[in-house]
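A closer look at the structure
Chain by chain, the residues run as shown.
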Amino acid sequence: ASGWRAVIAKAENGSTITLDNDIELTETIVINGKDITFDLNGKTVTAPTFSAFVASEGGKLTIKNGKVIAHGSTVRAVGGKVVVESGEYTSTGTAVGSSPATYSYSLDCREGGELIINGGTFKSNNGMINVSSTVTINGGKFENIVEKTMTRHFAYVSAKLTINDGEFYGKANSNGGGCFFCGA
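Below is a summary of the structure that appears in this document. (Residues numbered from 1 in each chain as written. Predicted model: local features only at pLDDT ≥ 70, side-chain atom pairs only at ≥ 80, totals over all residues. Heavy atoms only, no water.)

**Observations concerning the environment of Asn21**
You can see Asn21 is positioned in the loop between strand E1 (16-18) and strand E2 (23-24). Among the residues examined, Asn21 registers a relative accessible area of 53% and is labelled exposed. Separated by 20 residues in the primary sequence, Asn21 and Asn41 place their C-alpha atoms 8.6 Å from one another. (Helix = DSSP H or I, 4+ residues; strand = E, 2+ residues; numbered from the N terminus. Buried < 20%, exposed > 50% of the residue type's maximum accessible area, 1.4 Å probe, protein only.)

**Quick notes on the sheet that holds strand E17 (residues 141-144)**
Each strand in a sheet pairs with its neighbour through backbone hydrogen bonds, running either in the same direction (parallel) or in the opposite one (antiparallel). Read from one edge to the other, the open sheet built from seven strands follows the order E2-E5-E8-E11-E14-E17-E20, with strand pairing classed as parallel. Each edge of the open sheet is held by one strand with a lone partner, namely E2 and strand E20 (167-169). Where strand E5 (residues 44-47) lies against strand E8 (residues 67-70), four bridges are found, and the strand directions are parallel. Within E8, the residue paired with Thr44 across the bridge is Lys67. (Pairing = 2+ DSSP bridges.)

**Overview of the side chain of Asn130**
If you trace the backbone, Asn130 turns up in strand E15 (residues 129-131). In this structure the side chain of Asn130 is engaged in a polar contact, spanning 2.9 Å, whose partner is the side chain of Asp108. Once residues within four sequence positions are removed from consideration, Asn130 is found in contact with Tyr105, Leu107, Asp108, Cys109, Arg110 and Tyr156. (Polar contact = N/O pair within 3.5 Å; in protein donor to acceptor, adjacent residues only side chain to side chain. Contact = heavy atoms within 4.5 Å.)

**So, the pairing of strand E10 (residues 81-84)**
Bridge count for strand E7 (residues 60-64) against E10 is four bridges, and the pairing is parallel. Pairing of Leu61 across the sheet is with Val82, part of E10. As paired elements, E10 and strand E13 (residues 114-117) share four bridges and run parallel to each other. The residue bridging Val84 from the neighbouring strand is Ile117, located in E13.

Following this line, the structure appears as structure tokens:
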């Protein structure tokens, strides 16, 4: 959505973008080099074939008060920082291979990014969270929503993961594995 690129480009550092309507994205919303808050205002953001939000190098994204439904990740911190305050986040994608890097994690943190979850409800058809950079969970409800997904675990952990509070639910998986898989 080149329209979203223009909105973000014009937004002042530290500003809040408040949605007035539900939106269906035609590309991922990327926050780079700015501190932006998205107040979803009870609305739904849908990304039918890709990830919804990404904070990249020097970007900080705070998101709250609505629903995000994405085929890929609902939020990604790829070199940037993401703070999730509240809302409902659902990833509808499934694994495309046997490598953790190809799973459709609902929440993804990598490449020096930082992800802080203060609350919300998170559902995934596949892996819930990729922890390849610093992740802190201070609350929220996390649930894999299909049985026997191709994923072998709820969270792939290869970096610092701090859990201070939250509810975690996984479904049985015929491929083995468990809730948390610690990588290299």
